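A closer look at the structure
Chain by chain, the residues:
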Amino acid sequence: MPDESVAINRREFLNLAWLASLGFIFVDVAGMTVLFAMPRFKEGEFGGVFVVGSKDSLPDVDAPPANYPKVKFWLSHTEEGVQALYKVCTHLGCLYNWNNQEGKFICPCHGSQFQKNGTYIQGPAPRSLDQFVIQILDAETGEVLAETPPEGGPVPLPEDREVVIKVNTGARIIGQRHN
Ligand code: FES
C-alpha cells in the first residue's frame with residue numbers, strides 16, 4: 001500500500017516551492033520598478049536641478065560669467081538673458097575658461113574660442129557650447145515664467161517680478177554646429 005502521508009507532503013512541498021519562486025520573482029520585479037522610478041540625481045547635484053537663487057545671485061550683465069564648478073556650468077548673463085553653459089569644450093572635452101582680458105571663453109587644449117553666450121568664434125570645436133535648461137520661476141507662486149527654448153539661447157528675465165532661477169543639469173541642449 002502506498003504511504004499517502006508522504007505523497008501529500010511531497011505535493012505540498014512542490015506547491016510551496018512554486019509559490020516561493022513566484023514570491024521571489026515578484027519581489028525582484030517590484031525592487032527593479034522602485035529603483036527605476038527613483039530619481040537618479042538629488043537636487044543640487046550635477047545631473048539634477050540646481051537652484052541658483054534670485055536675480056541678486058546672477059552676475060551683472062557687464063561682469064564675467066559666474067563659475068559653478070560642482071555642477072559644471074558657467075552662468076552667463078547678457079542683455080538677452082541668462083544661460084548655463086556646460087563647462088566641457090565641444091571639441092575633445094577639455095575644460096575651457098573665461099578669459100577676462102579678451103572677454104571670451106578660450107579652451108587651453110587646442111584654442112577653441114566662444115563668445116560669452118557660448119557661440120563658436122574659432123578653433124577646432126565643431127559647434128557652439130552646450131547648455132543646460134534654465135527655468136525662471138515666480139518667487140511667490142512657483143509658476144514657470146520662462147524657460148530655455150529647445151534650440152538653446154538666453155532666457156530673458158522678467159523685470160517686474162521677484163524670481164527664482166533654476167538650472168537642470170540633467171537637460172543638456174547640444175550647441176549649434178557652425179559648418
Ligand atoms: S578640447 Fe577644446 S579646443 Fe580641443
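Further up the page is the structure itself.
None of the values given here were measured: they were computed from a predicted structure. (Residues numbered from 1 in each chain as written. Predicted model: local features only at pLDDT ≥ 70, side-chain atom pairs only at ≥ 80, totals over all residues. Heavy atoms only, no water.)

Val52, Phe73, Leu75, Ile134 and Ile136 are the most contacted members of the largest nonpolar core, which has 18 residues in total. Of all the elements in the fold, those that place two or more residues in this core are strand E1 (49–53), strand E3 (73–78), strand E4 (81–86), strand E9 (131–138) and strand E11 (163–173). Leu75 has contacts with Val52, Leu58, Pro59, Pro65, Ala66, Tyr68, Gln83, Ala84 and Ile134, leaving out every residue within four places of it along the chain. One finds Leu85, Trp98, Tyr120 and Leu129 within the second-largest nonpolar core, a separate group that totals 11 residues. (Core = buried A, V, L, I, M, F, W, Y, C linked by side-chain atoms within 4.5 Å. Buried < 20%, exposed > 50% of the residue type's maximum accessible area, 1.4 Å probe, protein only. Helix = DSSP H or I, 4+ residues; strand = E, 2+ residues; numbered from the N terminus. Contact = heavy atoms within 4.5 Å.)

Under the counting rule described, the total for this entry stands at 1 disulfide. The partner cysteine of Cys94 in its disulfide is Cys109, sulfur to sulfur 1.9 Å. With the S-S bond torsion at -90°, the cross-link from Cys94 to Cys109 turns out left-handed. In this pair, Cys94 sits in the loop between E4 and strand E5 (97–99) while Cys109 sits in the loop between strand E6 (104–106) and strand E7 (113–114), placing the two residues 15 residues apart along the sequence. (Disulfide = S-S within 2.5 Å.)

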